[in-house]
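Overview (structure and organization)
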Amino acid sequence: MTPRPNDETRAAGRTRIAELKKARDLAHEEAEKAKSAADEQMWKDIAAELDGGEVLQRDVAEATGFSRDHVLKRTKQYRTTT
C-alpha cells in the first residue's frame, strides 16, 4: 500500500499542476492570437483580390465555402472599392 502524501508534498504538487495549467493556458492564448492574425490577413488578402476586380464575391464564396454575405461582412472593412 502506498503511503498518503503529507500536506507539504501535496501543496508542492498543486503548485506544479497550477504551473502546468498556466503554461497550457498561455499556449492556448498564443494559438488563438495566431489564428486571429491568420484570419485577419486572409480577409485583407481576399479584399485586395476583390478590389483587383478579377474575382467576384461568388468566386470567394465558392473557394472558401463561406456564404457571399459572410464574405461581404468580413471584407467590407478592408475594401478600397465597393
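Our subject is the structure listed above.
Below is a summary of the structure that appears in this document. Model, not experiment: these values are computed from the prediction. (Residues numbered from 1 in each chain as written. Predicted model: local features only at pLDDT ≥ 70, side-chain atom pairs only at ≥ 80, totals over all residues. Heavy atoms only, no water.)

Turning to its location among the elements, alanine 23 is positioned in helix α1 (residues 7–52). The exposure class assigned to alanine 23 is partly exposed, which follows from its relative accessible area of 48%. The spatial distance from the C-alpha of alanine 23 to the C-alpha of alanine 34 is 17 Å, given a sequence separation of 11 residues. (Helix = DSSP H or I, 4+ residues; strand = E, 2+ residues; numbered from the N terminus. Buried < 20%, exposed > 50% of the residue type's maximum accessible area, 1.4 Å probe, protein only.)

With that out of the way, let us pick up the packing of aromatic side chains. Tallied over the entire structure, the rule returns 1 aromatic pair. A ring pair is formed by tryptophan 43 and phenylalanine 66, whose centres lie 5.5 Å apart and whose planes are at 45°; its orientation type is tilted. You can see tryptophan 43 sitting in helix α1 and its partner phenylalanine 66 sitting in the loop between α2 (57–64) and α3 (68–75), a full 23 residues away along the chain. In this structure tryptophan 43 comes out as buried when scored by relative accessible area, which is 1%. (Phe/Tyr/Trp six-rings, centres within 6.5 Å; stacked < 30°, edge-to-face > 60°.)

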